[in-house]
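Examination of the molecular architecture
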Amino acid sequence: MTRVLVTNDDGIASPGLHALATALLGRGMDVVIAAPVAQSSGSSASIMAEDAEGRIRVERRTLEGLEEIPAYAVHGGPGLIALIAARGAFGDPTDVVASGVNHGANVGRAILHSGTVGAALTGGLNGAWGVAVSLDVGLAPREFQWDAAAEAAADLVPALLRHPRGTVINVNVPNTPDRRGVVEADLAPFGIVQTTLTQHDEHNVRLAVEDLPRDPVPGSDAAQLADGWITVTGLDPVSHVPLGIV
């Protein structure tokens, strides 16, 4: 039986996390949940944690509707959770790290900063398959297709398992019932939003999030997602680039 760690960066109370765990459990997988006790968006693959005398605090939780699944709230980010899971913190190391469903798309090279993606990449670096899944809710959502996003990710796990261990995919799902299908897509040069500096003085810096003013690159994950496709992008966790300078 495939053993899966379900985590996220939105926190253990996130409905997207619960939907993903439910979908994977429904596929007969052995699921364990370990997620941040609080919001950890933008944490990338950070292994920083709230600790006391070198110990990371972990709380056992019972989640409504998922009472049979062992669940842990961790005082640390998703990258750290994937790392300690690989070391046996939540029982036997898992075969798959499934991260999400994130509140908001993770597309383009800006996924570098995503805690959702960071957990999947950390899983891949430690010998697991990794899948990060995000729901493109936009800035003012009226509905949330959590179950649809979770099912889309669960549908892709069998194909993922046919690839070598360490393979990681990033999945983005439109927040609409009228999806066009699944397509493999390259990373856009940017994400779907940008940050701007709105305040800068001697003591403070303030950032704001805005939609990008440009159209996404045709064929990229951002463009395909905007056109109603579920996008899948294979990610290389970490690799060197030969430089030939010495």
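So, here's what we can say about the structure. (Residues numbered from 1 in each chain as written. Predicted model: local features only at pLDDT ≥ 70, side-chain atom pairs only at ≥ 80, totals over all residues. Heavy atoms only, no water.)

Notes on the overall build of the protein
Just so we agree on the cut-off: Runs of H or I in DSSP of at least four residues are treated as helices and runs of E of at least two as strands, each being numbered from the N terminus. Accessible area is worked out with a 1.4 Å probe on protein chains only. A residue is then buried under 20% of its type maximum, exposed over 50%, and partly exposed in between. We call two residues in contact when some of their heavy atoms are within 4.5 Å.
A count of helices and strands for the protein gives five helices and 13 strands. Expressed as a percentage of the 246 residues in the protein, the buried residues total 48%. Restricting to contacts in the protein with at least 6 residues of sequence separation, those with at least 24 account for 76%.

Here we look at unusual backbone geometry
Peptide bonds are mostly trans, and most non-glycine residues show a negative phi. In this structure, the amide linkage connecting Gly 100 to the following residue, Val 101, adopts the cis form with an omega of -5°. Relative to the assigned elements, Val 101 resides in strand β7 (residues 96–103).

Here's the deal with the environment of Leu 66
Relative to the assigned elements, Leu 66 resides in the loop between β5 (58–61) and β6 (71–74). Judged by its relative accessible area of 3%, Leu 66 is buried. Residues Leu 66 and Ala 19 lie 47 residues apart in sequence; the distance between their C-alpha atoms is 10.0 Å. When neighbours within four sequence positions are excluded, Leu 66 is seen to be in contact with His 18, Ala 21, Thr 22 and Ile 33.

Considering the pattern of salt bridges
Note the threshold: Salt bridge, as used here: a side-chain nitrogen of Lys or Arg that lies within 4 Å of a carboxyl oxygen of Asp or Glu.
Enumeration over the complete set of coordinates arrives at six salt bridges. The partner of Arg 27 in a salt bridge is Asp 155, and the shortest N-O contact between them spans 2.8 Å. Here the residue Arg 27 occupies a position in the loop between α1 (15–26) and β2 (30–36), and Asp 155 occupies one in helix α4 (residues 146–161), the gap between them amounting to 128 residues. Each of the salt bridges in this network shares a partner with another, and the network as a whole consists of Arg 27, Glu 151 and Asp 155.

A short note on the packing of helix α2 (residues 78–86) against helix α3 (residues 115–125)
Applied cut-off: Only C-alpha atoms enter the line fits that serve as axes; for helices the fit covers just the stretch in contact. Angles between N-to-C directions range over 0 to 180 degrees. If an angle is under 35 degrees, it is roughly parallel; if it is over 145, roughly antiparallel; if it lies from 65 to 115, roughly perpendicular; otherwise it is oblique. Should the near helix be turned counterclockwise from the far one by less than a right angle, the crossing is left-handed, whereas a clockwise turn marks it as right-handed. Residues were grouped as follows: Ala, Val, Leu, Ile, Met, Phe, Trp, Tyr, Cys and Pro as nonpolar; Asp, Glu, Lys and Arg as charged; and all remaining residues, including Gly, as polar.
Axis separation between α2 and α3 bottoms out at 7 Å; the angle between their running directions is 20°. Classed by the angle they form, the pair α2 and α3 counts as roughly parallel. Crossing angle aside, the handedness with which α2 passes α3 is right-handed. Of α3, the residues touching α2 (which contributes Pro 78, Gly 79, Ala 82 and Leu 83) are Gly 115, Ala 119, Thr 122 and Gly 123. Classifying every residue of the contact of α2 with α3 by side-chain character gives four nonpolar, four polar and no charged.

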